[in-house]
Each structure stands twice: as structure tokens, then as C-alpha cells.
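Coordinates in review
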Amino acid sequence: AGKQFERNVFALFNATDANNDGELSETEAYPIVLQLYILANRQAPVNPPSREKAAKLFDDADLDGSGSLSRDEFVLFCTSLLGRTAYRIAVFNVVRFAVAPVLATAVARKLISENWILSLEPNLVQTLSVVIFVALLGNVALAALDTAERLRDNPPEIPVLF
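Reference entry: report on the structure contained in this document. Everything quoted here is computed from the prediction, not taken from an experiment.

Conventions used here
- Residues numbered from 1 in each chain as written.
- Predicted model: local features only at pLDDT ≥ 70, side-chain atom pairs only at ≥ 80, totals over all residues.
- Heavy atoms only, no water.
- Helix = DSSP H or I, 4+ residues; strand = E, 2+ residues; numbered from the N terminus.
- Rg over C-alpha atoms; globule rule 2.2 N^0.38 Å.
- Buried < 20%, exposed > 50% of the residue type's maximum accessible area, 1.4 Å probe, protein only.
- Contact = heavy atoms within 4.5 Å.
- Areas by Shrake-Rupley, 256 points an atom, 1.4 Å probe, with all protein chains shown as cover.
- Lys, Arg positive; Asp, Glu negative; His and termini not counted.
- Charge placed at Lys NZ, Arg CZ, Asp CG, Glu CD.
- Salt bridge = Lys/Arg side-chain N within 4 Å of Asp/Glu carboxyl O.
- Core = buried A, V, L, I, M, F, W, Y, C linked by side-chain atoms within 4.5 Å.
- Phe/Tyr/Trp six-rings, centres within 6.5 Å; stacked < 30°, edge-to-face > 60°.

Quick look at the overall build of the chain
A count of helical and extended segments in the chain gives five helices and two strands. The linear arrangement of helices and strands in the chain, starting from the amino end, is α-β-α-α-β-α-α. Against the 2.2 N^0.38 benchmark of 15 Å for 162 residues, the chain shows a C-alpha radius of gyration of 22 Å, more extended than a compact globule. Here the C-alpha coordinates of the chain stretch approximately 70 × 55 × 25 Å along the principal axes. When each of the 162 residues of the chain is scored for burial, the buried share is 31%. For the chain, the proportion of contacts with a sequence separation of at least 24, taken over those separated by at least 6, is 64%. With the model as given, the accessible surface of the chain reaches about 10,400 Å², and the carbon-plus-sulfur share is 62%. One finds the centroid of the 14 positive side-chain charges in the chain at a distance of 11 Å from the centroid of its 19 negative side-chain charges.

Printed below as a string of C-alpha cells:
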């Protein structure tokens, strides 16, 4: 998987290196970020990093401080960028395919057993519960990840009371 990833990243690098100088500027790299996130959104609703965050990842990957990325530095940039994305997609999919259906089924069974919903078929109640839980809980999980990331990057100041 690692070699295939590297080949794909090199192909992306070569396709994006507009002036064929073997280096990517930050201006050349940011559209790649957006393209990667368009692809990622086929798996989960994942927002791309801000231009500032992408610039920081770019600077972190620019090991020689040249202001541009070589092919190897570009692999590091994509690894950092996609590591965050892969984690978010994994969390979303665990919630979508495991947590939400289990919780929805439990809630639907409870609603049906308590006769809260008399006029609907039990299968319809269960299906609606799964759809609602999948839609809500996946986004709640991503919002929690966003909040945790913001707090990690910008910890709040805790006032001293005395």
C-alpha cells in the first residue's frame, strides 16, 4: 500500500508541476489539496483545511526551507494532509456503519415496545430511525473532531481566579 500511495502521489506531483522544475510552490500545491478533498468527500463530509492550515502543513513538509516542495517533500505533505482526512473518514464510517445502526435499532425497538408509535409499521420505524441516526451522529462525530482539533491548535486560556 505504501509504494502504491507513493506512485500515486508522484503521478499527482508530475501532473501538477506546471513549469516542470521538479518543485511545487505553495500556489501549485493548494489546488491539489482541494482536489484531494473533493475525492475524500465521496467517503465522508470532510472539509478541506483552511489555506492557513495547508500553508503550515506545506511549511512543515518543506524540510530544506526552499519555499517549494520536492517530490519527496510532497509525499510528506500528502501524508500529513491525508492522515488527518483518513482518520476523519474512519470515524465517520464507524459511526455510520456500526454505532448509528445499533443505537437506532435499540431506539426503534423501545419506541415500538412502548407503543409510542401506533400508526406506523415497525420496519418503517426502524428504517427511519437508522436514517436519522446515521445522518445526525456522523456529523456530530465530525463536529467533535473539529472541536478537539481547534482546542488542540488553540488551547483556551484558563483564568487564574486568585
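What about the pattern of salt bridges?
All chains considered together, the criterion is met by four salt bridges. The salt bridge partner of Lys 56 is Asp 60, with a shortest N-O separation of 3.1 Å. Of this pair, Lys 56 and Asp 60 both sit in helix α3 (residues 51–61), four residues apart, roughly one helical turn. A relative accessible area of 46% means that Lys 56 is categorised as partly exposed.

As for the nonpolar core
Among the nonpolar cores identified, the biggest contains 27 residues, and Val 33, Leu 69, Phe 74, Phe 77 and Leu 81 are the most heavily contacted of them. Those elements that place two or more of their residues in this core are α1 (2–16), α2 (26–40), α3, α4 (71–113) and α5 (122–153). In contact with Leu 69, other than residues within four places in its own chain, are Phe 13, Gly 22, Glu 23, Leu 24, Phe 58, Ala 61, Asp 62, Phe 74 and Phe 77.

Here's the deal with the packing of aromatic side chains
Two aromatic rings are characterised by how far apart their centres lie and by the angle between their planes. This structure, assessed with the given rule, holds three aromatic pairs. Summarising the aromatic geometry, the rings of Phe 58 and Phe 77 are spaced 6.1 Å apart at their centres and angled 75° between planes, so their arrangement reads as edge-to-face. Within this pair, whereas Phe 58 is found in helix α3, its partner Phe 77 is found in helix α4, the two being separated by 19 residues in sequence. As far as the burial class goes, Phe 58 and Phe 77 line up, both buried. Through a chain of ring-to-ring contacts, the aromatic side chains of Phe 13, Phe 58, Phe 74 and Phe 77 assemble into a single cluster.

Treat this as a map of the structure, not an account of what it does.
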